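Next come the chains, spelled out residue by residue.
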Amino acid sequence: MKFALLPRDAKAAAYPADLGLDADLMVAALAVARQIEGLEALREALSGELGFALARATRIFISLKGRLIVTGMGKSGHVARKLASTFASTGTPTFFVHPSEASHGDLGMLRPDDGVLVISRSGETVELSDIVAYTRRAKIPLVAVTSARESALGRAADVALVLPEVVEACPNGLAPTTSTTAQLVLGDTLAICLLSRRGFSSRDFTSLHPGGNLGARLKTVEDLMHRGADVPTTHHASTLAAAIIEMTSKRLGVTGVVDDEGRLVGVVTDGDLRRALEAGFYDRPTSEAMRREPLSIAGDATAHEALAKMTRNRVTCLFVLDRGRPVGIVSVHDLLRIGV
């Protein structure tokens with residue numbers, strides 16, 4: 001179902017009450033459209049002065065020797081809390097300070113080598129005045145996210161990230177909706193700029209996200225693989241009978257086939273064994289039943305990458321090699337067990 005969107009200056013009267021599902025969907029479509037318009041305006045602004053200001057803010061925060069402190073009041077404060085978490089989880093040591101608590105002693109959390117990011121749409125929020133004044137006295141770098149360049153906050157900041165004027169999704173044009181979305185997206189963008197500058201990798205991400213499904217996906221193959229005597233291997237000249245014993249004892253449904261130098265030259269699965277036995281190859285060398293060019297994966301690959309490779313190639317195990325020699329093996333069951 002599609003709706004013709006109302007004009008940008010539509011007021012509360014444009015929202016009919018108690019007209020059923022169609023009216024609700026019309027309100028929803030308009031609310032989403034307002035948010036999209038706000039983000040389009042933000043993207044356009046980034047190609048101009050806002051983009052230069054964002055680059056300056058990135059340079060300031062990437063050079064901090066201390067932490068990044070994020071603050072805001074009301075809905076902007078909720079956005080600030082979320083952004084503090086995003087900055088911290090992507091390699092920028094960050095925490096949130098409530099502006100009212102800052103006025104009652106929490107200013108002591110700030111150090112001279114820190115930086116401060118203040119979020120306020122109006123830039124005139126009274127509760128922010130003390131923390132802003134403190135940064136000016138202590139010469140702590142201050143970056144503001146505001147919609148009012150000439151506000152007290154906008155004028156005080158070393159860098160003002162001035163958001164474009166947007167229409168709130170609220171039919172009264174009052175509830176912070178589109179404006180807080182723009183604050184959030186701009187803050188996330190700044191976090192990604194810092195992440196990129198730091199060269200923050202998936203391995204770095206893993207170290208900061210050890211729990212939950214995300215942590216499982218980012219574990220490395222080396223964290224999960226079987227190693228040493230638990231890696232099933234069979235010499236290429238040994239018989240299929242030996243391969244059966246090795247495969248059965250290691251319980252992975254596969255055995256690697258190695259040459260005289262210990263290099264992996266093939267792989268035999270339980271399916272390969274069944275087909276070989278049906279053909280009467282029980283006493284024949286394993287090399288006659290093996291699949292050549294076996295698949296392998298690097299030890300520092302993520303569990304998610306390993307599962308993707310297994311799925312793509314329709315296999316259940318991957319070997320980990322060191323100069324061609326198998327030093328580990330990871331199975332799909334290892335990945336599923338940790339919730340990948």
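Remember, it's a predicted structure, so these values are computed and weren't measured experimentally.

What counts, and where the lines are drawn
The residue count restarts for each chain, going from 1 along the sequence in the order it is written. This being a predicted model, a pLDDT of at least 70 is required before a residue's local features are given, and a value of 80 or more before pairs of side-chain atoms are given or counted; all residues contribute to the totals for chains, interfaces and linings. With hydrogens and water stripped out, all remaining heavy atoms of the structure feed into the side-chain values. The rule is simple: take the accessible area with a 1.4 Å probe, protein chains only, and divide by the maximum for that residue type; under 20% is buried, over 50% is exposed, in between is partly exposed. Where helices and strands are cited, they refer to DSSP runs of H or I of at least four residues and of E of at least two residues respectively, numbered from the N terminus. Here, two residues are considered to be in contact whenever any of their heavy atoms come within 4.5 Å of each other. Strands pair, by our definition, only if DSSP identifies at least two bridges between them. Computed over the protein atoms alone on a 1 Å grid, cavities are sets of points where a 1.4 Å probe fits but cannot get out and pockets are open sets with protein on both sides within 12 Å along at least five of seven lines; a residue lines them when it has an atom within 4 Å of a point. Grid points are joined across faces, edges and corners, and a volume is the space filled by probe spheres set on the points. Residues were grouped as follows: Ala, Val, Leu, Ile, Met, Phe, Trp, Tyr, Cys and Pro as nonpolar; Asp, Glu, Lys and Arg as charged; and all remaining residues, including Gly, as polar.

Draft legend 1. Spatial organisation of helix H11 (residues 240-250). For H11, the complete set of buried residues consists of Leu240, Ala241, Ala243, Glu246 and Met247. As for H11, its buried residues are in contact with strand E7 (233-235), strand E8 (254-258), strand E9 (264-269) and helix H12 (270-278). Downstream of H11 by one or two residues, arginine 251 has phi in the positive range, about 60°.

Draft legend 2. The pairing of strand E11 (residues 317-322), seen in detail. Relative to strand E12 (residues 325-331), E11 is paired through 6 bridges, and the arrangement is antiparallel. Within the sheet, the bridge partner assigned to phenylalanine 319 lies in E12 and is isoleucine 329. Once E11 ends, the chain turns through 2 residues before running back antiparallel as E12, passing arginine 323 with a positive phi of about 55°.

Draft legend 3. Region of interest: the side chain of serine 151. Residue position: serine 151 is located in the loop between strand E4 (142-146) and helix H6 (152-156). Not counting residues up to four positions away in its chain, the partners in contact with serine 151 are Ser122, Gly123, Glu124 and Thr146.

Draft legend 4. Looking closely at the layout of surface pockets. Roughly 330 Å³ of internal volume is contained in the largest pocket. Contributing to the lining of the largest pocket are 18 residues, with Val254, Val267, Thr269, Arg291 and Val315 lying nearest its centre. Sorting the residues of the lining of the largest pocket by element identifies E9, H12, strand E10 (291-292) and E11 as the ones contributing at least two each. In terms of residue count, H12 provides more of the lining of the largest pocket than any other element does, 3 residues in total. Among the residues making up the lining of the largest pocket, the classes are represented as 8 nonpolar, 4 polar and 6 charged. For the second largest pocket, the calculated volume is near 170 Å³. Lining the second largest pocket are Ala45, Glu49, Leu50, Phe52, Ala53, Arg56, Arg149, Val159, Ala160 and Val162. Counting only elements with at least two residues in the lining of the second largest pocket, the list comes to helix H2 (49-62) and strand E5 (159-162). When residues of the lining of the second largest pocket are assigned to their parent elements, the largest contribution, 5 residues, is made by H2.

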